[in-house]
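# Residue-level structural notes
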Amino acid sequence: GAGVSQSPRYKVAKRGQDVALRCDPISGHVSLFWYQQALGQGPEFLTYFQNEAQLDKSGLPSDRFFAERPEGSVSTLKIQRTQQEDSAVYLCASSLGGMGGYTFGSGTRLTVV
Amino acid sequence: EDQVTQSPEALRLQEGESSSLNCSYTVSGLRGLFWYRQDPGKGPEFLFTLYSAGEEKEKERLKATLTKKESFLHITAPKPEDSATYLCALLPIGGATNKLIFGTGTLLAVQP
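Residues numbered from 1 in each chain as written. Chains lettered and ligands numbered in written order. Predicted model: local features only at pLDDT ≥ 70, side-chain atom pairs only at ≥ 80, totals over all residues. Heavy atoms only, no water.

Time to look at the state of the cysteines. Residues and elements named next belong to chain B. According to the stated counting rule, one finds 2 disulfides over all chains in the structure shown. Paired through a disulfide, Cys23 and Cys88 show a sulfur-sulfur distance of 1.9 Å. Its torsion about the S-S bond being -55°, the disulfide of Cys23 and Cys88 is classed as left-handed. In this pair, Cys23 is assigned in strand S3 (residues 19-26) and Cys88 in strand S9 (residues 84-92), connecting sequence segments 65 residues apart. Assessed through its relative accessible area of 0%, Cys88 is described here as buried. (Disulfide = S-S within 2.5 Å. Helix = DSSP H or I, 4+ residues; strand = E, 2+ residues; numbered from the N terminus. Buried < 20%, exposed > 50% of the residue type's maximum accessible area, 1.4 Å probe, protein only.)

In structure tokens:
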């Protein structure tokens, strides 16, 4: 597609529920990033993939967070046993590789109640 | 520790009133400094990358400049459609992941 697509756009989860957030990057983009953005804050790095390899997961807040990109294209961010502090916008970005302006999706707004 | 601080947090301008947004940074080594624009409910949209002190880039009413300690985003004769949050981000030297370190942004409101 022309841009990075994320689904769902909005997700309301009850505390303790598991959620899965999907990212469809731009076709052919090697690099894929997940960021978390709290209200009024800048995005914070969660994890990075180069093709199917997860090269950096240093930003994942706890072992309840898990990300995968099994075929080097679509990626899924999974959060187990959601907590209220997980409420945020989850942004996905992709790029051809190297430096440069990553293309971000519109994000998934997760609200844990 | 690599760090980015943006100021002001919020800025209200009249249409046509030029101003500047500031991004101060500390970093062990800089590979690049990025500016993004973010509209409500959207992801950040890439504006510029600056690589070395003294570099300038322009796009329509926006001009970004870089020194060894800060970057400015100058907005000349802004229009209401320039209203958005402007984010600055660092790409430090080192590491293999090209992960960006973002500031908290400046919320710009341009009134007609």
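Below, the discussion takes up the sheet that holds strand S7 (residues 65-68) of chain A. Residue and element names in this part refer to chain A. The antiparallel open sheet is built from 4 strands, whose spatial order is S1-S3-S8-S7. The open sheet terminates on both sides in strands that have one partner only, identified here as strand S1 (5-7) and S7. Taken over all neighbouring pairs, the strand axes of this sheet differ in orientation by 15° on average, direction set aside. (Pairing = 2+ DSSP bridges. Axes fitted to C-alpha atoms, helices over the stretch in contact; angles between N-to-C directions.)

Residue and element names in this part refer to chain B. Strand order in the open sheet formed by 5 strands is S1-S3-S8-S7-S6, with antiparallel pairing between adjacent strands. The strands lining the two open edges of the sheet, one partner per strand, are strand S1 (3-7) and strand S6 (56-59). Strand-to-strand twist of the sheet, defined as the mean angle between neighbouring strand axes without regard to direction, takes the value 15°. Pairing geometry for S6 and strand S7 (residues 62-66), over 4 bridges, is antiparallel. In the sheet register, Glu58 faces S7, and the bridge partner there is Lys63.

Here we take up the interface of chain B and chain A. A common way to report how large an interface is uses the accessible area buried once the components associate. Contacts between the two partners involve 21 residues from chain B, matched on the other side by 22 residues from chain A. For the pair chain B and chain A, the two sides together bury roughly 1,700 Å², of which 57% comes from carbon and sulfur. The largest contributions to the chain B side of the interface with chain A come from Thr97(B), Asn98(B) and Lys99(B), which together make up 28% of the buried area. At the boundary of chain B and chain A, one finds 1 salt bridge. Note that Asp56(A) and Lys99(B) form a salt bridge whose closest N and O atoms lie 3.5 Å from each other. In this structure, the connection of chain B to chain A is made through 6 residue pairs in polar contact (both at pLDDT 80 or more). The set of elements that each furnish at least two residues to the side of chain B that touches chain A consists of strand S4 (30-38) and S9 of chain B. Among the elements that make up the side of chain B that touches chain A, the one with the highest residue count is S4(B) (5 residues). (Contact = heavy atoms within 4.5 Å. Buried area = accessible area lost by both parts, 1.4 Å probe. Salt bridge = Lys/Arg side-chain N within 4 Å of Asp/Glu carboxyl O. Polar contact = N/O pair within 3.5 Å; in protein donor to acceptor, adjacent residues only side chain to side chain.)

Here we take up the pairing of strand S11 (residues 106-111) of chain B. All names here are of chain B. The alternating pattern of S11 places Thr106, Leu108 and Val110 on a buried face and Leu107, Ala109 and Gln111 on a face that is not buried. Pairing of strand S2 (residues 10-14) with S11, which is carried by 5 bridges, proceeds in the parallel orientation. Residue pairing in the sheet places Ala10 in a bridge with Leu107 of S11. Strand direction decides the pairing type here: S9 and S11, joined by 3 bridges, are antiparallel. The residue of S11 that forms the bridge with Tyr86 is Thr106.

Such coordinate-based values are descriptive only and should not be taken to indicate function.
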